[in-house]
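Residue-level structural notes
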Amino acid sequence: MTIVADRILDPAADAAAARVRPGALARLARSPSVLVGAVIIFFMVAVALLAPLLGTVDPARIDPTYRNKLPMSERTITMASGAKETRTYLMGTDSLGRDVYSRVVYGARISLVVGVGVAAISVAIGLVIGLVSGYIRWLDGIVMRFMDGMMAIPGILLAIALVSVWGAGLATVVIAIVVPEIPRVVRLVRSVVLTIREEPYVEAAISVGTPTPLILIRHVLPNTIAPLIVQGTYICAFAILVEAILSFLGIGIPPQIPTWGNIMAEGRTLFRVFPHNILFPGVFLALTVLAVNMLGDGLRDTLDPRMSKRV
Amino acid sequence: MLAFIARRLLATIPVLGMVAVFVFLLLRLTPGDPAAVIAGDNANSQQVEEIREKLGLAQPLLTQFVIWAGKLLQGDFGESFFFKKTVAELITQRIEPTLALSFFTIVLAVLIAVPLGVIAAYKHDSWIDRGVMGFSVLGFSVPVFVIGYLLIYVFAIEWGVLPVQGYRRIAEGFWPFIERLILPSATLAVIYIALIARITRASVLEVLGEDYIRTAHAKGLTDRVVLMRHALRNAAVPIVTVIGIGIALLIGGVVVTESVYNIPGLGRLTVDAVLARDFPTIQAVILLFSVAYVLVNLLIDLSYTLLDPRIRY
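These figures come from a predicted structure and were not determined experimentally. (Residues numbered from 1 in each chain as written. Chains lettered and ligands numbered in written order. Predicted model: local features only at pLDDT ≥ 70, side-chain atom pairs only at ≥ 80, totals over all residues. Heavy atoms only, no water.)

**A look at the overall build of chain A**
A count of helical and extended segments in chain A gives 13 helices and 2 strands. The proportion of buried residues among the 311 residues of chain A is 57%. Looking at chain A alone, contacts between residues at least 24 apart form 72% of all its contacts between residues at least 6 apart. (Helix = DSSP H or I, 4+ residues; strand = E, 2+ residues; numbered from the N terminus. Buried < 20%, exposed > 50% of the residue type's maximum accessible area, 1.4 Å probe, protein only. Contact = heavy atoms within 4.5 Å.)

What follows is the structure in structure tokens.
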């Protein structure tokens, strides 16, 4: 029964159905979902890379004399030289007087690093474990029981637990989100391996004495690439969300580092009066995750047109 | 059937065992002395020594695990040095809000999502369908707490029709209890609705392509009867399955939602325990949530035979 379930609701199973077909790239460019997603992601990457050039100030600079200002408030500063300069606070300031616009712009860096980092690491680790476990039979049972146990702990909860063990920080947050994702990647890779290992060309490779590692790399690995790309985008979107949740709860990345979750955590207490501290980072966060999800959906539909008619 | 239930029950034991091993190792993974970690920052050396004695930390890891698991099975989750209570007491105090919130969320989500999914499938490729699918993608992308603050802002602050935060026990009156659960449940339900609506649409759409649906139409049944009695019934298994899988999302969401709405449930307890590095409580909450998740899915597996008489075990 779980097999039926997996086919329908596990994005991993969706992804497993995907295979790179000829002309996939051309179709990809025609998919509106992929286009919109890619444009937004491109925009966010540009924002993150060009952060210092976008009229930002130091996102960590505290200004006790200019706290809790509404968006678009203007302030005239007299420089030491006597010259006057008017500065507009596009998104206002937070309760420590930090410029929210600068913090949101710099926050894009953390979100993207976490998203891409988690996706890359969990796919890499899951790929190795999945390949080995799917191909070497005696190992399979042990590894999969272990993975089942891991999957029984709800992902966010496992991440929270791991952060509590390792302490807050960028690296620990990335690893804490990677760990719950690994079993999902392993299952996906393993399912591909189990079908591919029965293919005649693998049998042929075995019969001419190709060593197992070479079979895995040359014949099995290429078949996992398309589904892993799809799965990777979903992991990326989920990781960005979980990082924001952890930071928002105050157990993720240390509060002085500008991340979207941290900005919102800081804005919580004065939310009734100054909702902008939640609104702006919230919009950026939702938009980014939406874009990555749309890209994932588009990729899945393109790599496997059969699925697109269903889900 | 009985044999199946027994087999299925037995199959959950290794899974739960793995979970227990994980939770056990969690504490041993922390840098430093586990006894000192459990005792917390304000403990003196005598207390640390007592804990070391109690956990049998001098003994091999396996013996420690057996001692720990044995206590668990007797309902002894240890003691929270931060909250100055036994963990079992803490959990009994905090479980009601979480159960109430989860229950309302599931009911709300199913009542909204299933009709949405059925309509989207029925009006395939129409603007309703696109709307439902758009909402579904959006629901997966907007973080729970952003939805929460958005709802608070509109309903509690701008319109002032519902309370902003807090929780009242059901014993303190039905309306104050319900009133404070509406916004949290709606918040938590969004991602769940997105998930269920998507699967409902997909599975109903698949069933609508079957021959017996054409037959049902041909013999003159109304669309409503065809949809409800033929399409939805046959699409029920994947829908119920996704409700079970979605419990994992729900548990993650409970942690966040309870923090946003200041509800003193198990989710808030989790966050407070992590902030205080109160490991006995963290371990117990993770175990409890995981066991709940596994058991709900076990029940759902067992319900397949009721939903679909073709399934025999």
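Having seen it, we continue.
**Comments concerning the overall build of chain B**
What chain B contains, in helices and strands, is 13 helices and 2 strands. When its C-alpha atoms are laid out on the principal axes, chain B stretches across 80 × 55 × 35 Å. Across the 313 residues in chain B, those meeting the buried criterion constitute 52%. Relative to all contacts within chain B whose residues are 6 or more apart in sequence, the contacts with residues 24 or more apart total 70%. Carbon and sulfur atoms provide 66% of the accessible area of chain B, an area that totals close to 14,800 Å². Within chain B, one finds 25 positive and 23 negative side-chain charges whose respective centroids are separated by 7 Å. (Areas by Shrake-Rupley, 256 points an atom, 1.4 Å probe, with all protein chains shown as cover. Lys, Arg positive; Asp, Glu negative; His and termini not counted. Charge placed at Lys NZ, Arg CZ, Asp CG, Glu CD.)

**Some remarks on the confidence of the model for chain A**
All names here are of chain A. Scored by pLDDT, chain A comes out at a mean of 82, with 89% of its residues at no less than 70. Across residues 1–13, where pLDDT falls below 50, the model places 28 contacts with residues more than four positions away in sequence or in other chains. Scored below 50 in pLDDT, residues 305–311 shows 18 contacts in the model against residues more than four places distant or in partner chains. (pLDDT = per-residue confidence, 0-100.)

**Observations concerning the pattern of salt bridges**
Under the criterion given, the structure shown has 13 salt bridges over all chains. Across the salt bridge formed by D129(B) and R201(B), the nearest N and O atoms sit 2.5 Å from each other. Residue D129(B) is found in helix α6 (residues 127–141), and its partner R201(B) is found in helix α8 (residues 174–208); the two are separated by 72 residues along the sequence. By the burial criterion, D129(B) is buried, and R201(B) matches it. Three or more residues joined by partner-sharing salt bridges are found here, namely R137(A), R197(A) and E198(A). (Salt bridge = Lys/Arg side-chain N within 4 Å of Asp/Glu carboxyl O.)

**Description of the interface of chain A and chain B**
Quoted interface sizes are often the accessible area lost when the parts come together. If you look at the interface, chain A gives 45 residues, while chain B gives 55 residues. Buried surface at the junction of chain A and chain B, both sides included, amounts to about 4,400 Å², of which 80% is carbon and sulfur. At the junction of chain A with chain B, the criterion picks out 1 salt bridge. With its nearest N and O atoms 3.5 Å apart, the salt bridge here joins R198(B) to D297(A). Our enumeration of links across chain A and chain B arrives at 4 residue pairs in polar contact (both at pLDDT 80 or more). Elements that contribute at least two residues to the side of chain A that touches chain B include exactly α1 (2–9), α6 (137–151), α7 (155–166), α10 (212–248) and α12 (276–303) of chain A. A per-element tally of the side of chain A that touches chain B places α12(A) first, with 10 residues. Partitioning the side of chain A that touches chain B into residue classes produces 32 nonpolar, 5 polar and 8 charged. (Buried area = accessible area lost by both parts, 1.4 Å probe. Polar contact = N/O pair within 3.5 Å; in protein donor to acceptor, adjacent residues only side chain to side chain. Nonpolar A, V, L, I, M, F, W, Y, C, P; charged D, E, K, R; others polar.)

**A closer look at helix α7 (residues 144–158) of chain B**
Between its terminal C-alpha atoms α7(B) stretches 20 Å, which fits the 21 Å expected from 15 residues at 1.5 Å a residue. The principal kink in α7(B), of about 30°, is found at I152(B). What α7(B) keeps buried is the set V144(B), F145(B), V146(B), I147(B), G148(B), Y149(B), L151(B), I152(B) and A156(B). Contact partners of the buried residues in α7(B): α10, α11 (260–267) and α12 of chain A together with α8 and α11 (236–260) of chain B. Just downstream of α7(B) lies G160(B), where phi reads positive at about 65°. (Expected span 1.5 Å × (residues − 1). Bend = angle between axes of the 7 residues up to and from the residue.)

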